[in-house]
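Listed below, chain by chain, are the residues.
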There are 2 protein chains.
Amino acid sequence: MTVDTFQRARRPEQKQQREDAILSAARELALRDGVRNVSLADIAARVGIHKSALLRYFETREQIFLELTAEAWRDWVDALHARLDAAAAGSAGLVADVFARSFSDRPLLCDLIAHTPLNLERNVSEAVRRYKQVSLGVVNEAAELVRRVQPELTLTECTEYVATMASLAGSLWQIANPVPALAELYASDPALAQACVDLTPRLQRTAEVLLAGLPASRGPRPGP
Amino acid sequence: MTVDTFQRARRPEQKQQREDAILSAARELALRDGVRNVSLADIAARVGIHKSALLRYFETREQIFLELTAEAWRDWVDALHARLDAAAAGSAGLVADVFARSFSDRPLLCDLIAHTPLNLERNVSEAVRRYKQVSLGVVNEAAELVRRVQPELTLTECTEYVATMASLAGSLWQIANPVPALAELYASDPALAQACVDLTPRLQRTAEVLLAGLPASRGPRPGP
(Lines give C-alpha, C1' and ligand atoms only; values in the text may rest on other atoms or scores of the structure.)
Protein backbone atom coordinates (compact mmCIF):
# COMPACT_ATOMS: atom_id res chain seq x y z
CA MET A 1 0.00 0.00 0.00
CA THR A 2 2.64 2.53 0.97
CA VAL A 3 6.14 3.05 -0.23
CA ASP A 4 8.93 3.04 2.33
CA THR A 5 10.34 6.49 1.70
CA PHE A 6 12.36 6.38 4.91
CA GLN A 7 16.02 5.64 4.65
CA ARG A 8 16.95 3.51 7.59
CA ALA A 9 18.12 5.90 10.32
CA ARG A 10 21.84 5.45 10.98
CA ARG A 11 22.65 8.35 13.24
CA PRO A 12 20.94 9.13 16.58
CA GLU A 13 19.47 12.40 15.30
CA GLN A 14 18.00 10.59 12.29
CA LYS A 15 16.47 7.99 14.59
CA GLN A 16 14.97 10.82 16.67
CA GLN A 17 13.52 12.42 13.54
CA ARG A 18 11.87 9.13 12.56
CA GLU A 19 10.41 8.67 16.01
CA ASP A 20 9.10 12.23 16.03
CA ALA A 21 7.46 11.75 12.64
CA ILE A 22 5.74 8.57 13.87
CA LEU A 23 4.54 10.25 17.09
CA SER A 24 3.24 13.27 15.13
CA ALA A 25 1.29 11.02 12.80
CA ALA A 26 -0.23 9.09 15.71
CA ARG A 27 -1.12 12.36 17.48
CA GLU A 28 -2.87 13.81 14.42
CA LEU A 29 -4.83 10.63 13.71
CA ALA A 30 -5.87 10.17 17.36
CA LEU A 31 -7.11 13.77 17.57
CA ARG A 32 -9.05 13.37 14.32
CA ASP A 33 -10.46 9.86 14.72
CA GLY A 34 -10.19 9.04 18.45
CA VAL A 35 -7.50 6.89 20.06
CA ARG A 36 -9.73 3.84 19.79
CA ASN A 37 -9.80 3.97 15.99
CA VAL A 38 -6.09 4.36 15.20
CA SER A 39 -4.15 1.21 14.32
CA LEU A 40 -0.44 0.69 13.80
CA ALA A 41 -1.15 0.29 10.08
CA ASP A 42 -2.95 3.66 10.03
CA ILE A 43 0.04 5.35 11.65
CA ALA A 44 2.50 3.75 9.21
CA ALA A 45 0.33 4.79 6.26
CA ARG A 46 0.16 8.38 7.54
CA VAL A 47 3.96 8.56 7.85
CA GLY A 48 4.29 6.93 4.44
CA ILE A 49 6.28 3.87 5.55
CA HIS A 50 5.69 0.16 5.78
CA LYS A 51 4.49 -1.24 9.08
CA SER A 52 7.68 -3.32 9.26
CA ALA A 53 9.75 -0.11 9.07
CA LEU A 54 7.69 1.48 11.84
CA LEU A 55 8.37 -1.53 14.07
CA ARG A 56 12.08 -0.67 14.01
CA TYR A 57 11.21 2.37 16.14
CA PHE A 58 8.26 1.26 18.30
CA GLU A 59 7.43 -2.31 19.30
CA THR A 60 3.67 -1.88 19.58
CA ARG A 61 0.78 0.51 19.04
CA GLU A 62 0.52 0.69 22.85
CA GLN A 63 4.12 1.91 23.15
CA ILE A 64 3.40 4.79 20.75
CA PHE A 65 0.31 5.87 22.64
CA LEU A 66 1.98 5.56 26.06
CA GLU A 67 4.70 7.87 24.74
CA LEU A 68 2.02 10.36 23.62
CA THR A 69 0.30 10.08 27.01
CA ALA A 70 3.54 10.83 28.88
CA GLU A 71 4.13 13.82 26.58
CA ALA A 72 0.55 15.04 27.14
CA TRP A 73 0.96 14.80 30.95
CA ARG A 74 4.15 16.88 30.81
CA ASP A 75 2.43 19.50 28.68
CA TRP A 76 -0.51 19.48 31.12
CA VAL A 77 1.63 20.13 34.19
CA ASP A 78 3.46 22.92 32.33
CA ALA A 79 0.06 24.56 31.76
CA LEU A 80 -0.70 24.29 35.50
CA HIS A 81 2.60 25.97 36.31
CA ALA A 82 1.86 28.77 33.84
CA ARG A 83 -1.41 29.63 35.61
CA LEU A 84 -0.67 28.72 39.24
CA ASP A 85 2.99 29.62 39.84
CA ALA A 86 2.17 33.28 40.41
CA ALA A 87 -1.24 32.70 42.02
CA ALA A 88 -1.95 34.07 45.48
CA ALA A 89 -2.74 31.47 48.14
CA GLY A 90 -6.37 30.80 48.93
CA SER A 91 -8.38 30.81 45.73
CA ALA A 92 -10.21 27.49 45.38
CA GLY A 93 -12.21 28.97 42.50
CA LEU A 94 -9.01 29.67 40.57
CA VAL A 95 -7.65 26.16 41.18
CA ALA A 96 -10.96 24.65 40.05
CA ASP A 97 -11.02 26.81 36.91
CA VAL A 98 -7.37 26.02 36.06
CA PHE A 99 -7.94 22.27 36.44
CA ALA A 100 -11.18 22.21 34.47
CA ARG A 101 -9.63 24.06 31.56
CA SER A 102 -6.33 22.18 31.74
CA PHE A 103 -8.26 19.02 30.86
CA SER A 104 -10.97 20.36 28.56
CA ASP A 105 -8.33 22.21 26.49
CA ARG A 106 -6.55 18.83 25.98
CA PRO A 107 -8.93 16.39 24.26
CA LEU A 108 -6.12 14.00 23.35
CA LEU A 109 -4.95 13.76 26.99
CA CYS A 110 -8.54 13.10 28.16
CA ASP A 111 -9.09 10.42 25.50
CA LEU A 112 -5.75 8.78 26.39
CA ILE A 113 -6.50 8.76 30.16
CA ALA A 114 -9.48 6.45 29.63
CA HIS A 115 -7.53 4.18 27.30
CA THR A 116 -4.45 3.86 29.51
CA PRO A 117 -5.62 1.28 32.09
CA LEU A 118 -8.18 -0.26 29.74
CA ASN A 119 -5.97 -0.87 26.72
CA LEU A 120 -2.53 0.72 26.71
CA GLU A 121 -0.96 -0.84 29.80
CA ARG A 122 -1.74 -4.41 28.79
CA ASN A 123 1.38 -5.19 26.78
CA VAL A 124 3.60 -4.57 29.77
CA SER A 125 7.18 -3.76 28.99
CA GLU A 126 9.85 -1.26 29.83
CA ALA A 127 7.61 1.32 28.12
CA VAL A 128 4.97 0.96 30.83
CA ARG A 129 7.53 1.38 33.60
CA ARG A 130 8.81 4.58 31.98
CA TYR A 131 5.27 5.82 31.45
CA LYS A 132 4.34 5.19 35.11
CA GLN A 133 7.39 7.09 36.30
CA VAL A 134 6.40 10.12 34.22
CA SER A 135 2.71 10.06 35.19
CA LEU A 136 3.42 9.61 38.91
CA GLY A 137 5.98 12.42 38.81
CA VAL A 138 3.46 14.71 37.11
CA VAL A 139 0.70 13.91 39.62
CA ASN A 140 3.04 14.64 42.52
CA GLU A 141 4.25 17.87 40.90
CA ALA A 142 0.65 18.98 40.33
CA ALA A 143 -0.25 18.12 43.94
CA GLU A 144 2.56 20.34 45.23
CA LEU A 145 1.34 23.18 43.02
CA VAL A 146 -2.18 22.83 44.43
CA ARG A 147 -0.81 22.76 47.96
CA ARG A 148 0.99 26.04 47.40
CA VAL A 149 -2.28 27.76 46.43
CA GLN A 150 -4.38 25.80 48.98
CA PRO A 151 -1.99 25.56 51.94
CA GLU A 152 -4.77 24.41 54.31
CA LEU A 153 -4.82 21.06 52.47
CA THR A 154 -2.31 18.31 53.23
CA LEU A 155 -0.11 17.00 50.43
CA THR A 156 -2.02 13.68 50.57
CA GLU A 157 -5.29 15.55 50.09
CA CYS A 158 -3.83 17.47 47.14
CA THR A 159 -2.73 14.17 45.57
CA GLU A 160 -6.24 12.75 46.09
CA TYR A 161 -7.66 15.85 44.40
CA VAL A 162 -5.35 15.61 41.39
CA ALA A 163 -5.86 11.85 40.91
CA THR A 164 -9.64 12.14 41.21
CA MET A 165 -9.81 15.03 38.74
CA ALA A 166 -7.67 13.09 36.25
CA SER A 167 -9.86 9.97 36.50
CA LEU A 168 -13.00 12.04 36.05
CA ALA A 169 -11.56 14.00 33.14
CA GLY A 170 -10.89 10.69 31.38
CA SER A 171 -14.31 9.18 31.94
CA LEU A 172 -16.37 12.37 31.52
CA TRP A 173 -14.62 13.32 28.29
CA GLN A 174 -15.81 10.07 26.72
CA ILE A 175 -19.40 10.85 27.79
CA ALA A 176 -19.13 14.49 26.69
CA ASN A 177 -17.95 13.46 23.20
CA PRO A 178 -20.45 10.90 21.93
CA VAL A 179 -20.07 9.33 18.49
CA PRO A 180 -22.20 11.13 15.85
CA ALA A 181 -25.01 8.54 15.93
CA LEU A 182 -25.34 8.87 19.71
CA ALA A 183 -25.24 12.67 19.44
CA GLU A 184 -28.19 12.41 17.02
CA LEU A 185 -30.06 10.23 19.50
CA TYR A 186 -29.55 12.91 22.18
CA ALA A 187 -30.72 15.62 19.77
CA SER A 188 -33.84 13.62 18.93
CA ASP A 189 -34.82 12.94 22.55
CA PRO A 190 -34.29 15.67 25.16
CA ALA A 191 -35.05 13.23 28.00
CA LEU A 192 -32.02 11.15 27.01
CA ALA A 193 -29.80 14.21 26.48
CA GLN A 194 -29.68 14.44 30.30
CA ALA A 195 -27.12 11.59 30.04
CA CYS A 196 -24.68 13.82 28.15
CA VAL A 197 -22.21 16.10 29.92
CA ASP A 198 -20.83 19.59 29.27
CA LEU A 199 -17.19 18.93 30.13
CA THR A 200 -15.72 22.25 31.35
CA PRO A 201 -18.51 23.33 33.74
CA ARG A 202 -18.89 19.78 35.03
CA LEU A 203 -15.17 19.47 35.81
CA GLN A 204 -15.10 22.95 37.34
CA ARG A 205 -18.07 22.18 39.55
CA THR A 206 -16.60 18.83 40.71
CA ALA A 207 -13.24 20.48 41.39
CA GLU A 208 -14.98 23.07 43.62
CA VAL A 209 -16.88 20.32 45.46
CA LEU A 210 -13.69 18.30 46.04
CA LEU A 211 -11.69 21.30 47.25
CA ALA A 212 -14.47 22.27 49.67
CA GLY A 213 -15.03 18.68 50.79
CA LEU A 214 -11.43 17.66 51.50
CA PRO A 215 -10.98 19.76 54.66
CA ALA A 216 -14.68 19.49 55.61
CA SER A 217 -14.59 15.66 55.60
CA ARG A 218 -11.51 15.34 57.82
CA GLY A 219 -11.92 13.15 60.83
CA PRO A 220 -10.14 14.03 64.08
CA ARG A 221 -6.40 13.92 63.33
CA PRO A 222 -3.27 15.98 63.84
CA GLY A 223 -3.12 19.10 61.66
CA PRO A 224 -1.35 19.08 58.28
CA MET B 1 -16.24 -25.69 16.02
CA THR B 2 -19.49 -26.00 17.99
CA VAL B 3 -22.65 -27.94 17.35
CA ASP B 4 -25.92 -26.06 17.23
CA THR B 5 -27.74 -27.90 19.99
CA PHE B 6 -30.44 -25.22 20.11
CA GLN B 7 -33.70 -25.95 18.45
CA ARG B 8 -34.90 -22.73 16.94
CA ALA B 9 -37.14 -21.13 19.55
CA ARG B 10 -40.73 -21.04 18.33
CA ARG B 11 -42.62 -19.92 21.40
CA PRO B 12 -42.00 -16.68 23.35
CA GLU B 13 -40.88 -18.57 26.50
CA GLN B 14 -38.39 -20.58 24.43
CA LYS B 15 -37.04 -17.36 22.95
CA GLN B 16 -36.69 -15.95 26.46
CA GLN B 17 -34.79 -19.08 27.59
CA ARG B 18 -32.35 -18.73 24.70
CA GLU B 19 -31.76 -15.07 25.45
CA ASP B 20 -31.19 -15.85 29.13
CA ALA B 21 -28.68 -18.58 28.26
CA ILE B 22 -26.76 -16.16 26.01
CA LEU B 23 -26.74 -13.43 28.66
CA SER B 24 -25.59 -15.90 31.33
CA ALA B 25 -22.72 -17.07 29.14
CA ALA B 26 -21.65 -13.49 28.42
CA ARG B 27 -21.87 -12.61 32.13
CA GLU B 28 -19.71 -15.57 33.19
CA LEU B 29 -17.07 -14.94 30.53
CA ALA B 30 -16.91 -11.21 31.24
CA LEU B 31 -16.46 -11.81 34.97
CA ARG B 32 -13.74 -14.36 34.31
CA ASP B 33 -11.84 -12.71 31.44
CA GLY B 34 -12.88 -9.02 31.53
CA VAL B 35 -15.45 -7.39 29.23
CA ARG B 36 -12.67 -6.34 26.87
CA ASN B 37 -11.68 -9.93 26.07
CA VAL B 38 -15.08 -11.46 25.33
CA SER B 39 -16.11 -11.74 21.67
CA LEU B 40 -19.42 -12.77 20.12
CA ALA B 41 -17.73 -16.01 19.02
CA ASP B 42 -16.64 -16.72 22.63
CA ILE B 43 -20.21 -16.27 23.85
CA ALA B 44 -21.63 -18.53 21.14
CA ALA B 45 -19.03 -21.20 21.94
CA ARG B 46 -19.85 -21.03 25.66
CA VAL B 47 -23.58 -21.49 24.95
CA GLY B 48 -22.73 -24.25 22.48
CA ILE B 49 -24.32 -22.70 19.42
CA HIS B 50 -23.13 -21.29 16.12
CA LYS B 51 -22.55 -17.55 15.93
CA SER B 52 -25.24 -17.39 13.23
CA ALA B 53 -27.74 -18.91 15.69
CA LEU B 54 -26.78 -16.38 18.37
CA LEU B 55 -27.42 -13.54 15.92
CA ARG B 56 -31.10 -14.55 15.79
CA TYR B 57 -31.37 -13.27 19.38
CA PHE B 58 -28.90 -10.37 19.57
CA GLU B 59 -27.71 -8.21 16.70
CA THR B 60 -24.28 -7.37 18.09
CA ARG B 61 -21.86 -8.03 20.94
CA GLU B 62 -22.59 -4.48 22.10
CA GLN B 63 -26.31 -5.24 22.40
CA ILE B 64 -25.57 -8.19 24.70
CA PHE B 65 -23.30 -6.14 26.96
CA LEU B 66 -25.68 -3.16 27.07
CA GLU B 67 -28.38 -5.60 28.22
CA LEU B 68 -26.02 -6.86 30.96
CA THR B 69 -25.18 -3.28 31.95
CA ALA B 70 -28.87 -2.36 32.29
CA GLU B 71 -29.41 -5.51 34.39
CA ALA B 72 -26.37 -4.66 36.57
CA TRP B 73 -27.68 -1.10 37.16
CA ARG B 74 -31.08 -2.44 38.27
CA ASP B 75 -29.39 -4.89 40.64
CA TRP B 76 -27.22 -2.03 41.95
CA VAL B 77 -30.15 0.26 42.76
CA ASP B 78 -31.93 -2.66 44.47
CA ALA B 79 -28.89 -3.04 46.73
CA LEU B 80 -29.04 0.69 47.57
CA HIS B 81 -32.70 0.34 48.51
CA ALA B 82 -31.91 -2.66 50.72
CA ARG B 83 -29.42 -0.65 52.77
CA LEU B 84 -30.84 2.88 52.60
CA ASP B 85 -34.63 2.51 52.69
CA ALA B 86 -34.68 2.13 56.45
CA ALA B 87 -31.72 4.43 57.17
CA ALA B 88 -32.19 7.41 59.45
CA ALA B 89 -31.61 10.81 57.89
CA GLY B 90 -28.25 12.44 58.37
CA SER B 91 -25.54 9.83 58.08
CA ALA B 92 -23.07 10.82 55.36
CA GLY B 93 -20.73 8.04 56.55
CA LEU B 94 -23.42 5.42 55.93
CA VAL B 95 -24.20 6.78 52.44
CA ALA B 96 -20.48 6.77 51.59
CA ASP B 97 -20.07 3.20 52.84
CA VAL B 98 -23.16 1.95 51.00
CA PHE B 99 -22.02 3.54 47.73
CA ALA B 100 -18.42 2.31 48.01
CA ARG B 101 -19.53 -1.28 48.63
CA SER B 102 -22.34 -1.17 46.09
CA PHE B 103 -19.70 -0.70 43.43
CA SER B 104 -16.79 -2.75 44.79
CA ASP B 105 -19.16 -5.73 45.34
CA ARG B 106 -20.08 -5.54 41.62
CA PRO B 107 -16.92 -5.98 39.51
CA LEU B 108 -18.90 -6.65 36.34
CA LEU B 109 -20.86 -3.39 36.71
CA CYS B 110 -17.63 -1.45 37.28
CA ASP B 111 -15.94 -3.02 34.26
CA LEU B 112 -19.03 -2.34 32.10
CA ILE B 113 -19.27 1.33 33.20
CA ALA B 114 -15.85 2.07 31.64
CA HIS B 115 -16.71 0.19 28.46
CA THR B 116 -20.12 1.78 27.92
CA PRO B 117 -19.16 5.17 26.44
CA LEU B 118 -15.85 3.89 25.07
CA ASN B 119 -17.10 0.83 23.20
CA LEU B 120 -20.66 -0.30 23.82
CA GLU B 121 -22.62 2.77 22.72
CA ARG B 122 -20.96 3.00 19.35
CA ASN B 123 -23.28 0.78 17.34
CA VAL B 124 -26.25 2.96 18.10
CA SER B 125 -29.62 1.33 17.73
CA GLU B 126 -32.83 0.88 19.64
CA ALA B 127 -30.75 -1.05 22.20
CA VAL B 128 -28.85 2.10 23.18
CA ARG B 129 -32.05 4.09 23.58
CA ARG B 130 -33.47 1.39 25.89
CA TYR B 131 -30.22 1.20 27.81
CA LYS B 132 -30.11 4.98 28.33
CA GLN B 133 -33.68 4.97 29.62
CA VAL B 134 -32.78 2.31 32.21
CA SER B 135 -29.52 3.94 33.33
CA LEU B 136 -31.03 7.43 33.61
CA GLY B 137 -33.96 6.01 35.57
CA VAL B 138 -31.57 4.24 37.94
CA VAL B 139 -29.43 7.35 38.49
CA ASN B 140 -32.53 9.42 39.28
CA GLU B 141 -33.88 6.72 41.61
CA ALA B 142 -30.52 6.52 43.43
CA ALA B 143 -30.40 10.33 43.72
CA GLU B 144 -33.82 10.35 45.40
CA LEU B 145 -32.64 7.69 47.85
CA VAL B 146 -29.57 9.77 48.74
CA ARG B 147 -31.75 12.85 49.17
CA ARG B 148 -33.97 11.01 51.68
CA VAL B 149 -30.93 10.22 53.87
CA GLN B 150 -29.20 13.57 53.19
CA PRO B 151 -32.16 15.97 53.08
CA GLU B 152 -29.90 19.03 53.30
CA LEU B 153 -28.75 18.31 49.71
CA THR B 154 -30.80 19.35 46.70
CA LEU B 155 -31.95 16.69 44.24
CA THR B 156 -29.56 18.18 41.66
CA GLU B 157 -26.67 17.80 44.11
CA CYS B 158 -27.67 14.18 44.80
CA THR B 159 -27.71 13.48 41.05
CA GLU B 160 -24.24 15.04 40.73
CA TYR B 161 -23.05 12.82 43.58
CA VAL B 162 -24.46 9.62 42.04
CA ALA B 163 -23.14 10.38 38.53
CA THR B 164 -19.68 11.29 39.82
CA MET B 165 -19.44 8.16 41.96
CA ALA B 166 -20.49 6.00 39.01
CA SER B 167 -17.88 7.56 36.70
CA LEU B 168 -15.18 7.12 39.33
CA ALA B 169 -16.18 3.53 40.10
CA GLY B 170 -15.77 2.73 36.40
CA SER B 171 -12.37 4.34 35.98
CA LEU B 172 -10.90 3.41 39.38
CA TRP B 173 -11.94 -0.24 39.05
CA GLN B 174 -9.80 -0.51 35.91
CA ILE B 175 -6.81 0.94 37.80
CA ALA B 176 -7.47 -1.23 40.88
CA ASN B 177 -7.54 -4.41 38.77
CA PRO B 178 -4.36 -4.38 36.68
CA VAL B 179 -3.56 -7.21 34.27
CA PRO B 180 -1.21 -9.81 35.85
CA ALA B 181 1.91 -8.44 34.16
CA LEU B 182 1.22 -4.94 35.47
CA ALA B 183 0.49 -6.33 38.95
CA GLU B 184 3.93 -7.97 38.85
CA LEU B 185 5.49 -4.64 37.87
CA TYR B 186 3.83 -3.01 40.91
CA ALA B 187 5.04 -5.84 43.17
CA SER B 188 8.60 -5.45 41.88
CA ASP B 189 8.74 -1.67 42.34
CA PRO B 190 7.07 -0.12 45.41
CA ALA B 191 7.55 3.40 44.00
CA LEU B 192 5.32 2.50 41.05
CA ALA B 193 2.75 0.71 43.23
CA GLN B 194 1.66 4.18 44.34
CA ALA B 195 -0.16 4.28 40.97
CA CYS B 196 -2.43 1.41 41.99
CA VAL B 197 -5.66 1.93 43.93
CA ASP B 198 -7.47 0.02 46.70
CA LEU B 199 -11.02 0.36 45.38
CA THR B 200 -13.33 0.23 48.42
CA PRO B 201 -11.50 2.69 50.71
CA ARG B 202 -10.79 5.02 47.80
CA LEU B 203 -14.46 5.11 46.75
CA GLN B 204 -15.56 5.52 50.37
CA ARG B 205 -13.16 8.38 50.92
CA THR B 206 -14.20 10.18 47.72
CA ALA B 207 -17.87 9.70 48.59
CA GLU B 208 -17.28 11.36 51.98
CA VAL B 209 -15.41 14.24 50.34
CA LEU B 210 -18.20 14.78 47.78
CA LEU B 211 -20.97 14.66 50.38
CA ALA B 212 -19.12 17.16 52.58
CA GLY B 213 -18.19 19.36 49.62
CA LEU B 214 -21.60 19.65 47.96
CA PRO B 215 -23.20 21.91 50.58
CA ALA B 216 -19.89 23.58 51.47
CA SER B 217 -19.24 24.67 47.87
CA ARG B 218 -22.64 26.28 47.36
CA GLY B 219 -22.58 29.84 46.18
CA PRO B 220 -25.25 32.27 47.37
CA ARG B 221 -28.58 30.93 46.12
CA PRO B 222 -32.09 30.18 47.34
CA GLY B 223 -32.30 27.17 49.69
CA PRO B 224 -33.06 23.68 48.40
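Residues numbered from 1 in each chain as written. Chains lettered and ligands numbered in written order. Predicted model: local features only at pLDDT ≥ 70, side-chain atom pairs only at ≥ 80, totals over all residues. Heavy atoms only, no water.

Undergrad: How should the overall build of chain A be read in this particular structure?
TA: For chain A, the helix and strand inventory stands at 11 helices and 0 strands. Considered along the principal axes of its C-alpha atoms, chain A spans approximately 65 × 50 × 30 Å. Across the 224 residues of chain A, 53% fall into the buried class. Of the contacts made within chain A by residues no fewer than 6 positions apart, 69% connect residues no fewer than 24 positions apart. When the accessible surface of chain A is totalled, it reaches about 9,900 Å², and 51% of it is carbon and sulfur. Averaging the locations of the 26 positively and 28 negatively charged side chains of chain A gives two centres separated by 4 Å. (Helix = DSSP H or I, 4+ residues; strand = E, 2+ residues; numbered from the N terminus. Buried < 20%, exposed > 50% of the residue type's maximum accessible area, 1.4 Å probe, protein only. Contact = heavy atoms within 4.5 Å. Areas by Shrake-Rupley, 256 points an atom, 1.4 Å probe, with all protein chains shown as cover. Lys, Arg positive; Asp, Glu negative; His and termini not counted. Charge placed at Lys NZ, Arg CZ, Asp CG, Glu CD.)

Undergrad: I would appreciate a short explanation of the relation of the copies chain B and chain A in the present structure.
TA: Mapping between the two chain copies consists of a rotation about an axis together with a translation along that axis. If you rotate chain B by 180° and push it 0.0 Å along the axis, it lands on chain A with an RMSD of 0.0 Å. What we have between these two chains is a two-fold relation. Minimal C-alpha distance to the rotation axis in chain B is attained by B:Gly213, lying at 1.7 Å. Mapped onto chain A, 100% of the interface residues of chain B are again interface residues, and the two copies thus contact each other with one and the same surface. (Least-squares fit on C-alpha atoms with pLDDT ≥ 70 in both.)

Undergrad: Explain the nonpolar core here, please?
TA: Within soluble globular proteins, side chains that are nonpolar tend to cluster in buried spots. Ranked by size, the top nonpolar core spans 152 residues in total, and within it A:Phe103 and B:Phe103 carry the most contacts. Setting aside chain neighbours within four positions, we find A:Phe103 in contact with A:Trp73, A:Trp76, A:Leu109, A:Cys110, A:Ile113, A:Met165, A:Ala166, A:Ala169 and A:Leu203. (Core = buried A, V, L, I, M, F, W, Y, C linked by side-chain atoms within 4.5 Å.)

Undergrad: What should I look at first to understand the environment of A:Ala207 in this one?
TA: Residue and element names in this part refer to chain A. By the element assignment, alanine 207 lies in helix H11 (residues 199–216). Exposure remark for alanine 207: the relative accessible area of 0% places this residue in the buried category. C-alpha of alanine 207 to C-alpha of leucine 168: the two residues are 39 residues apart in sequence and 10.0 Å apart in space. With residues up to four places along the chain from it excluded, the contact list for alanine 207 reads Ala96, Tyr161 and Met165.

Undergrad: What's the story with the interface of chain B and chain A in this structure? I'm lost.
TA: In many reports, interface size means the accessible area that the parts give up when they come together. Facing the 49 residues of chain B at the interface are 49 residues of chain A. Area buried by chain B at its contact with chain A is led by B:Leu118, B:Arg122 and B:Arg205, which between them contribute 14% of it. Across the contact surface, chain B and chain A share 4 salt bridges. Residues A:Arg129 and B:Asp189 are paired through a salt bridge, measuring 3.2 Å at the closest nitrogen-oxygen approach. At the surface where chain B touches chain A, the tally comes to 14 residue pairs in polar contact (both at pLDDT 80 or more). At the level of secondary structure, the elements contributing two or more residues to the side of chain B that touches chain A comprise helix H6 (107–120), helix H7 (126–149), helix H8 (155–176), helix H9 (180–188), helix H10 (190–193) and helix H11 (199–216) of chain B. Each residue belonging to the side of chain B that touches chain A can be placed in one class, and the counts come to 23 nonpolar, 14 polar and 12 charged. (Buried area = accessible area lost by both parts, 1.4 Å probe. Salt bridge = Lys/Arg side-chain N within 4 Å of Asp/Glu carboxyl O. Polar contact = N/O pair within 3.5 Å; in protein donor to acceptor, adjacent residues only side chain to side chain. Nonpolar A, V, L, I, M, F, W, Y, C, P; charged D, E, K, R; others polar.)

Undergrad: I keep staring at helix H2 (residues 40–47) of chain B and nothing clicks. Help me out?
TA: Every α-helix carries 3.6 residues per turn, so stepping three or four residues along brings you back to the same face. Residue and element names in this part refer to chain B. Leu40, Ile43, Ala44 and Val47 are the residues of H2 that are buried. End-on, the buried residues of H2 take up no more than an arc of 100°, which puts them together on one face. Its buried side turned inward, H2 meets helix H1 (12–33), helix H3 (51–54) and helix H4 (61–84). Just beyond H2, the residue with positive phi is glycine 48, at close to 90°. (Arc of directions from axis to C-beta.)

Undergrad: Would you explain the packing of aromatic side chains in this entry?
TA: Any two aromatic rings considered together are summarised by their centre-to-centre distance and by the angle between their planes. All names here are of chain A. A complete count under the given rule lists 10 aromatic pairs over all chains for this structure. Note on phenylalanine 99 and tyrosine 161: the rings are 4.8 Å apart at their centroids and 65° apart in plane angle, and the pair reads as edge-to-face. Here tyrosine 161 lies in helix H8 (residues 155–176) and phenylalanine 99 lies in helix H5 (residues 92–104), a separation of 62 residues in the sequence. Tyrosine 161 matches phenylalanine 99 in its accessibility class, with the two residues each being buried. These aromatic residues form a ring-pair network of at least three members: Trp73, Trp76, Phe99, Phe103 and Tyr161. (Phe/Tyr/Trp six-rings, centres within 6.5 Å; stacked < 30°, edge-to-face > 60°.)

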